[in-house]
Amino acid sequence: MKLSIAVLSGDGIGPEIMQQGVAVMDAIAKKFNHQVTYREAICGAQAIDLVGDPFPEETFNTCLEADAVLFAAVGDPRFDNDPTAKVRPENGLLAMRKKLGLYANIRPVQTFDCLLHKSPLKTELVRGADFVCIRELTGGMYFGEKYQDNDRAYDTNLYTRPEVERILKVGFEYAMKRKKHLTVVDKANVLASSRLWRQIAKEMEPAWPEVNVDYMFVDNASMRMIAEPTFFDVIVTENTFGDILTDEGSCISGSMGLLPSASTGVFTPLFEPVHGSWPQAAGKNLANPLAQILSVAMLFEHFGLNEEGALVRKAVDASLDANVRTPEIQVEGGAMYGTREVGQWIVDWINKQ
């Protein structure tokens, strides 16, 4: 297969982890005789510095022309600490999602047996946890009408029926591919937008008779995710709730550095780790590249290259079992490996298979 990949490394640790993701993709492509070409593009704080726009038109066109986008992270404390900033790196991320029509964010949450001790939760609670969060990505408060002055501010949580129907359809489809259990998370006891979500989900249920659907308020879901994570199989929810719940899911795996994601929709699909840019670690060879590498696995699987994706996952498992890990997940007394060393070990392992 021929694949054209838009590479958006972004800010902070982005370039370092991206280098390892591309190296793994190249190793897989060579082993399975695929042709992968790359075209790099700027985004985030880097793009603001260069052209004043966190997601410039040239970057958008590069993404449109590609088969897939491999993205790392954006964010810079220069903007975080300046409430008066008119443009921020994260604006580019929102613009990218909106312009590419990436309305479905798919975030798998799973545990690794050799890392259960790294979770702040009890081992008996997280063992066997394996679920997928499907977050609506282009609507809700993040994109609704906003206002702020010195005394008043508001964000509008607007959803339309077509937006809700299409993301719920993704949820039902994923449930059918897994254990046929779908949890719709909302706040229908308070929010009108959530009542619309629940109404539409109830209307759609009969079309998916094999799927067991339950409904859960977001506050209850957040508690249940910590108290009984193995309850969940597929969760579908709106933008803001999904953002919070998926970050909470990192407590289950033990590190955000282990969680990949995919965003799909109207145009080019995008694959990225769920963590941020961690600017304090930039250039220090400390960042965990596994989420970026597992995002490569999701990219291959999106195009039906399941054997290729499975080999990437096996390589990651092998690195963890061999204690080839960056500091935040290394066992006590284990050898020190940096971003580059972990990536190279995984590439070497793939080459030996």
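Reading the values: the criteria
- Residues numbered from 1 in each chain as written.
- Predicted model: local features only at pLDDT ≥ 70, side-chain atom pairs only at ≥ 80, totals over all residues.
- Heavy atoms only, no water.
- Salt bridge = Lys/Arg side-chain N within 4 Å of Asp/Glu carboxyl O.
- Helix = DSSP H or I, 4+ residues; strand = E, 2+ residues; numbered from the N terminus.
- 1 Å grid on protein atoms, 1.4 Å probe; cavity = no way out; pocket = protein on both sides within 12 Å on 5 of 7 lines; lining within 4 Å.
- Points joined across faces, edges and corners; volume = space filled by probe spheres on them.
- pLDDT = per-residue confidence, 0-100.

Next up on the list: the pattern of salt bridges. Using the criterion set out here, one finds 16 salt bridges in the structure. Of the charged contacts in the structure, one is a salt bridge between Arg-107 and Asp-247, with a shortest N-O distance of 3.6 Å. Of the two residues, Arg-107 sits in strand E4 (residues 104-110) while Asp-247 sits in helix H10 (residues 239-248), which places them 140 residues apart along the sequence. Linked through salt bridges whose partners overlap, the residues forming this network are Asp-49, Asp-76 and Arg-78.

What follows concerns empty space enclosed by the protein. In this structure the tally under the stated criterion is one cavity of 30 Å³ or more. When its volume is computed, the largest cavity comes out at roughly 50 Å³. What lines the largest cavity is simply Pro-108, Val-109, Gln-110, Phe-112, Leu-258, Leu-259, Pro-260, Leu-294 and Arg-313. Counting residues per element, the lining of the largest cavity draws most heavily on E4, which supplies three residues.

Before going further, it helps to spend a moment on the confidence of the model for the protein. The pLDDT averaged across the protein works out to 92; a share of 99% of its residues lies at or above 70. For the protein, per-element mean pLDDT is lowest for helix H4 (residues 77-80), which scores 80, and highest for strand E8 (residues 181-186), which scores 98.

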